[in-house]
Amino acid sequence: MSKILIIEDEESIADLERDYLEISGFSVEIENSGDTGLKRALEEEFDLIILDLMLPKVDGFEICKRIRENKNTPVIMVSAKKDDIDKVRGLGLGADDYMTKPFSPSELVARVKAHLARYERLIGSNVTDNEIIEIRGLKIDKTARRVYLNGEEKIFTTKEFDLLCFLAQNPNHVYTKEELFQNIWDMNSIGDIATVTVHIKKIREKIEMNNAKPQYIETIWGVGYRFKM
Ligand code: CA
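Here the residue numbering is sequential within each chain, running from 1 through the sequence in written order. Residues qualify for local features only when their pLDDT is at least 70, as the model is predicted, and side-chain atom pairs are given and counted only at 80 or more; totals for whole chains, interfaces and linings, by contrast, use all residues. With hydrogens and water excluded, all non-hydrogen atoms of the structure serve as input to the side-chain values.

**Focus: the nonpolar core**
Side chains of nonpolar character tend, in soluble globular proteins, to be buried together.
Then, in step 1: Of all hydrophobic cores here, the largest spans 27 residues; its most connected members are Leu-138, Leu-164, Ile-217 and Phe-227.
Then, in step 2: Segments assigned H or I by DSSP are reported as helices when at least four residues long, segments assigned E as strands when at least two residues long, and all are numbered from the N terminus. At the level of secondary structure, the elements contributing two or more residues to this core comprise β6 (132-135), β7 (138-141), β8 (146-149), α6 (158-169), α7 (177-184), α8 (193-207) and β12 (224-227).
Then, in step 3: The contact rule is simple, with two residues in contact once any of their heavy atoms fall within 4.5 Å. Excluding its chain neighbours within four sequence positions, the residues that come into contact with Phe-227 are Ile-135, Leu-138, Leu-164, Leu-167, Ala-168, Pro-171, Asn-172, His-173, Tyr-216 and Ile-217.
Then, in step 4: Only buried residues count toward a nonpolar core. Its members are Ala, Val, Leu, Ile, Met, Phe, Trp, Tyr and Cys residues joined through side-chain atoms within 4.5 Å. Only protein chains enter the area calculation, which uses a 1.4 Å probe; residues under 20% of their type maximum are buried, those over 50% are exposed, and those in between are partly exposed. Within the second largest apolar cluster, 21 residues are counted, among which are Ile-49, Val-58, Ile-85 and Tyr-98.

**Description of the coordination of the calcium ion**
Then, in step 1: Here the coordinating atoms are restricted to nitrogen, oxygen and sulfur within 2.8 Å of the metal centre, or 3.2 Å for Na, K and Ca, and because water is not among them the sites may look incomplete. In the first shell of the calcium ion, the protein supplies Asp-9 (OD), Asp-52 (OD) and Met-54 (O), at 2.1 to 2.3 Å from the metal.
Then, in step 2: Binding-site remark: the calcium ion is held by donors from one chain whose sequence spacing is D-x42-D-x1-M.
Then, in step 3: By relative accessible area, Met-54 is classed as partly exposed at 48%.

**Details of the sheet that holds strand β10 (residues 174-176)**
Strands pair in a sheet through their backbones, by hydrogen bonds, and they do so in one of two ways: parallel or antiparallel.
Then, in step 1: Strand order in the open sheet made by the three strands is β10-β12-β11, with antiparallel pairing throughout. Two strands in the sheet have a free side with no partner beyond their single neighbour: β10 and β11 (217-220). This sheet shows a mean twist of 30° between the axes of neighbouring strands, independent of strand direction.
Then, in step 2: For two strands to count as paired, DSSP must find a minimum of two bridges between them. As defined by bridge partners, β11 adjoins β12 across four bridges and the pair is classed as antiparallel. The residue of β12 that forms the bridge with Ile-217 is Phe-227.
Then, in step 3: Note on method: axes are straight lines fitted to C-alpha atoms, helices fitted across the in-contact stretch only, with angles between N-to-C directions ranging 0 to 180 degrees. On the sheet, α6 packs against β10, β11 and β12 and is oriented at approximately 65° with respect to β12.

**So, the pairing of strand β3 (residues 48-52)**
Note on strand geometry: in a regular strand, side chains alternate between the two faces of the sheet.
Then, in step 1: Most of β3 is tucked away, with five of its five residues classed as buried.
Then, in step 2: Neither face of β3 is left uncovered, since the one carrying Leu-48, Ile-50 and Asp-52 and the one carrying Ile-49 and Leu-51 both have all their residues buried.
Then, in step 3: When strand β1 (residues 3-7) meets β3, the two strands line up parallel, connected through four bridges. Its bridge partner being in β3, Ile-4 is matched across the sheet by Leu-48.
Then, in step 4: Where the polypeptide runs from β3 across helix α3 (residues 60-70) and back to strand β4 (residues 75-79), its parallel neighbour, the crossover connection is right-handed. Orient the strands so they point away from the viewer, and a crossover whose first-strand-to-second-strand path over the helix runs clockwise is right-handed.

**Some thoughts on unusual backbone geometry**
Then, in step 1: In this model, Lys-101 is joined to Pro-102 through a cis peptide bond whose omega is -5°.
Then, in step 2: Tracing the backbone through its elements, the reader meets Pro-102 in the loop between β5 (97-100) and α5 (105-126).
Then, in step 3: Of note, the phi angle at Asn-150 is positive, near 50°, even though the residue is not glycine.
Then, in step 4: With respect to the helices and strands, the residue Asn-150 is situated in the loop between β8 and β9 (152-154).

**A look at α7**
Then, in step 1: Every buried residue of α7 is listed here: Leu-180, Phe-181 and Ile-184. Down the axis of α7, the buried set is contained in an arc of 100°. They therefore lie on one face.
Then, in step 2: Contacts made by the buried residues of α7 are with α6, β10, α8 and β12. Directions from the helix axis toward the C-beta atoms define the arc.

**Some remarks on the side chain of Ser-2**
Then, in step 1: Topologically, Ser-2 is positioned in the segment before β1.
Then, in step 2: With a relative accessible area of 17%, Ser-2 lands in the buried category.
Then, in step 3: Sequence-distant contacts of Ser-2, defined by excluding residues within four places in its chain, comprise Phe-26, Ser-27, Asp-47, Leu-116 and Glu-120.

**A look at the packing of helix α2 (residues 34-43) against α3**
Then, in step 1: Closest axis-to-axis distance for the α2/α3 pair is 10 Å, and the angle between their directions is 10°. As far as their axial angle goes, α3 and α2 are roughly parallel. As α2 packs across α3, the resulting crossing turns out to be right-handed. In contact with Gly-34, Leu-38, Ala-41 and Leu-42 of α2, α3 contributes Ile-63, Arg-66, Ile-67 and Asn-70.
Then, in step 2: Ten residue types, Ala, Val, Leu, Ile, Met, Phe, Trp, Tyr, Cys and Pro, are classed as nonpolar, four, Asp, Glu, Lys and Arg, as charged, and the remainder, Gly among them, as polar. Of the residues that constitute the contact of α2 with α3, the class distribution is five nonpolar, two polar and one charged. Any angle that falls under 35 degrees is termed roughly parallel, while one over 145 is termed roughly antiparallel, one within 65 to 115 roughly perpendicular, and all others oblique. In a left-handed crossing the near helix is turned counterclockwise from the far helix by less than a right angle, and in a right-handed crossing that turn is clockwise.

**Topic: the sheet that holds β7**
Then, in step 1: Read from one edge to the other, the open sheet built from four strands follows the order β6-β7-β8-β9, with strand pairing classed as antiparallel. Since the sheet does not close on itself, it has two edges, and those belong to β6 and β9, each with one partner. The sheet shows a mean angle of 20° between the axes of neighbouring strands, taken without regard to direction.
Then, in step 2: Bridge count for β7 against β8 is four bridges, and the pairing is antiparallel. Along β8, the bridge assignment pairs Asp-141 with Arg-146.

Have a look at this one:
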């Protein structure tokens, strides 16, 4: 549920805005003073802020400026005076929208929805995809450190995951057990190259249909292992 902060000193207006927004499914908080409004806008996470221009203690100009210095939360600025709105626009304080009071609550709700949708698109486009290696039904999500075989998650230990990942990232490359041990286990690890054999066996039990004819990790006799591309 999107969380909206209304900073408005006229309580009846703030309450009306809140009622309409709550009916539309938003969670709404109200601050009636500029100083407390600014504090909450900076310290808490809201999805959108409706900001009145003329406020006691700290005015909307200052609040908008301070919000913009710190975060990208959409701000809809409202004022009873059209002249003030024009002035704010001219100052380029970075509000996302401006409305002159009185406005219809449904107009406010429509604008709130539009800005939230726009902001989500903006944020969404910045989300980086997980780094994924996908080959013949085997999906290795490097970011989440999870492995799926034909859509079904397989549980891997840390070393099993590291080993599979290392091989899959370097396909068609034959690694000796010594090389794998050095790459996956640090020098001080207890164990030896037999550890590699044991881990390969465990990985195969999880991802290979037939260990005699491996689809993913091939044994190169007398040398080591190779991830089949
Ligand atoms: Ca006011």
